[in-house]
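Inside the fold
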Amino acid sequence: MSAFPHAWKAGHLPTGTASRRSSSPRFDALRSTAHELQDLLTAGTLTSTDLVEEYVWRIEQYNTFLNAVSQYAPGVMKRAQELDSERKNGNFLGPLHGIPIILKDNIATDKTFGMSTTAGCASLWNAVPARNATIVDKLQEAGAIILGKATMSELGGHKGNLPVGWSSVAGMANSAYVRGGFDHNDSVVGHTSTSGSSSGPCVAVSAGFGAWAIGTDTEGSLISPAARAAVYSMRPTTGIVPVKGIVPLAHSMDTAGPVAKDVLDLANALTAIVDPTKTTVPVGGYQSVLGGSWEDIRVGTLDVRSWLYPDGMVKSTPETIEQILRETNAAYEKIGQLAAAYHRDVDLRSYTDFQSPEHLVVAAFNAEFKDDLDDYLATLEESEVRTMKEMVEWNEKNPAEIPNQSALLGALNATVPQEKADENLKQFAEVGSDFLKKLDQYNLDVIIGPGDSFFTTFSAANRCPLAAMPLSTLDCTGRPFGLMAMARPHQEALLLKVMSAFESTFPKRPIPEAFLAEGLEKAKY
């Protein structure tokens, strides 16, 4: 946990809840999906207040170790009671009605929620957004219960050279699957790392802290940690989910997406958050397209070995590499047998092309980061910092446990002429466009690659939807690994068909066990 005085601590409960169960659990929070819970709510077997009580109990028991939740919404029980009453009176708002969810802590909630919106930054703890992020209003209209905020990498991983999943507000998130949690001697995204700035939402769903969650993605922020938490997730086409009120990194790449235990939950959530004026949503919602079949899907796959994260990022043993290669290639073979058409080892441009002659991802961020963050900070009703420069100065006066802020300084002091910045962004998009060229060249609907890869960069560069699908767990640490699938822009429905087919073909997502003993041990102190 973090030394920050306002970091989450057990016992600081939402009004009307308890830190211990008064009776046996009424549902299996670790395995239950949102649609299964909705069926129980509809039948009258459970109430939304029952759901809130159970999730709070689980967070109280296990969050000291997992560090996936940073704040509760103090009025969450009142919201649950209101939605129970609406249901009783015949006003049913849809599949999200009365279901508790968790938001990543860069999604603004106004003062009525009683929560901070920090993006992991201690300098923003006392900041007050003037209004909710647009996506929060959409979730409220759909009947969702916002249970709290999830931890994240500070500023989406763009404060400085910090461990992935760490912030000055909350400290380090731990995987529900990895025995012993994060190893501080591990590499950047080693096999004990949660990976990606949306680590908190993904860990929270995997551990049964909420039925589902909302994370955000700029470049791998959501899909990478989802693959390592054995959950389903999607980074939608950039621009179809409203990002107003989300602490920004780069407006041309920022988006938000759901995290869920199965594909139906993901589809229901996506229907609720997408702006239907920005894309075509199927009649009946995205859930209407789920068919569980590969028969009309044309699939390409990326070579596993050449696309895995390089050794400098992940310390791997020959045994670990062999397991990932064996199980991923076996999955490819099975998909190839079932798909309408299959092309193995698609010759997509290497991710290293984004790093030569200069790091185009960093260049793309720096072209937008400062102005975007300054614009967001200027909208706050109250804040100790109003610009990136003031944030840097605040951090210098109030150093965190890990004080590095090299990325902030790099963006603040960037002196790239606008013409050069535009050229970098153009080159970034040009490299990314090779994905669309390969779809056309081989007449494919989708390309699938390993979850531990920079395939994510192509999604950021060409605005394409990208999905995470759980496959297996490593023998060495227990942490999950999976696959990513990418389709053309505005092809969320097709991508959900792929996810549904995957879900019907392979075993159910593995259920975590490591955190159960770890969490109870930590909770003693």
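To keep things clear, this report deals only with the structure shown in the data block. These numbers were taken from a predicted model, which means no experiment stands behind them.

1. Some details on the overall build of the chain
Secondary structure summary: the chain contains 17 helices and 13 strands in total. The C-alpha atoms of the chain give 21 Å as radius of gyration, which agrees with the globular expectation for 525 residues (24 Å, within 12%). Taken over the C-alpha atoms alone, the chain extends approximately 60 × 55 × 45 Å along its principal axes. The proportion of buried residues among the 525 residues of the chain is 61%. Restricting the contact set of the chain to residue pairs at least 6 apart, pairs at least 24 apart contribute 78%. When the accessible surface of the chain is summed, it comes to about 19,400 Å², and 50% of that surface belongs to carbon and sulfur atoms. Computed over 45 positive and 61 negative side-chain charges, the separation of the two mean positions in the chain equals 3 Å.

2. Let's talk about the nonpolar core
Counting residues in hydrophobic clusters, the biggest one holds 169 residues, and the most contacted among them are Phe209, Trp212, Phe455 and Leu496. Top element by residues in this core is helix H2 (residues 48-66). It accounts for 9 residues. If we ignore the near neighbours within four places in the chain, the residues touching Phe209 are Tyr55, Arg58, Ile59, Tyr62, Asn63, Leu66, Ala68, Val69, Ile102, Leu147 and Ala204.

3. Quick word on the environment of Ser175
Take Ser175: it is sitting in the loop between strand E5 (171-172) and helix H5 (199-206). Considering only alpha carbons, one finds Ser175 and Thr109, 66 residues apart in sequence, at a separation of 26 Å. Sequence-distant contacts of Ser175, that is, excluding residues within four places in its chain, are made with Phe65, Leu66, Thr194, Val203 and Arg228. Within the structure, the side chain of Ser175 is placed 3.5 Å from the backbone nitrogen of Val178, a separation counted as a polar contact.

4. Here we look at the sheet that holds strand E9 (residues 298-301)
The strands that make up a sheet pair up through hydrogen bonds in the backbone, lying either parallel or antiparallel. Taking strand neighbours across the sheet as the criterion, the 11 strands line up as E1-E3-E2-E6-E8-E7-E12-E13-E11-E9-E10 in an open arrangement whose pairing is mixed. Strand pairing shows two members of the sheet lacking a second neighbour, strand E1 (69-72) and strand E10 (341-343), which therefore form its edges. On average, each strand axis in the sheet is inclined to that of its neighbour by 25°, with strand direction left out of account. The pairing of strand E2 (residues 100-104) with strand E3 (residues 145-150) spans 5 bridges and is parallel. Bridged to Ile102 within E3 is Gly148.

Reading the values: the criteria
- As a convention, each chain's residues are numbered from 1 in the sequence order in which they are written.
- Note on the predicted model: pLDDT of at least 70 is required for a residue's local features to be given, and 80 or more for side-chain atom pairs to be given and counted; whole-chain, interface and lining totals, by contrast, use all residues.
- Side-chain calculation: all heavy atoms of the structure are included, whereas hydrogens and water are not.
- Counting from the N terminus, the helices are the DSSP runs of H or I reaching at least four residues and the strands are the DSSP runs of E reaching at least two.
- Within these notes, the globule rule equals 2.2 Å times the number of residues to the 0.38 power, and the radius of gyration is based on C-alpha atoms.
- Think of it in three bands: with a 1.4 Å probe and only protein chains considered, a residue is buried below 20% of the maximum accessible area for its type, exposed above 50%, and partly exposed in between.
- Residue contacts follow a heavy-atom distance rule, with two residues in contact if any of their heavy atoms lie within 4.5 Å.
- A 1.4 Å probe and the Shrake-Rupley method give the accessible areas. Residues count as covered only by the protein chains that appear here.
- In this count, Lys and Arg are taken as positive residues and Asp and Glu as negative ones, while His and the chain termini are left out.
- Note on charges: their place is set at NZ of Lys, CZ of Arg, CG of Asp or CD of Glu.
- Think of a nonpolar core as a cluster: buried Ala, Val, Leu, Ile, Met, Phe, Trp, Tyr and Cys residues, connected wherever their side-chain atoms sit within 4.5 Å.
- Polar contacts, as counted here, are pairs of nitrogen or oxygen atoms within 3.5 Å of one another; within protein the pair requires one atom able to donate a hydrogen and one able to accept it, and residues that are adjacent in sequence qualify only if both atoms are side-chain atoms.
- Pairing between two strands is assigned when DSSP locates at least 2 bridges connecting them.
- Axis angles are defined between N-to-C directions and span 0 to 180 degrees, where every axis is a line fitted to C-alpha atoms and, for a helix, only to the segment in contact.

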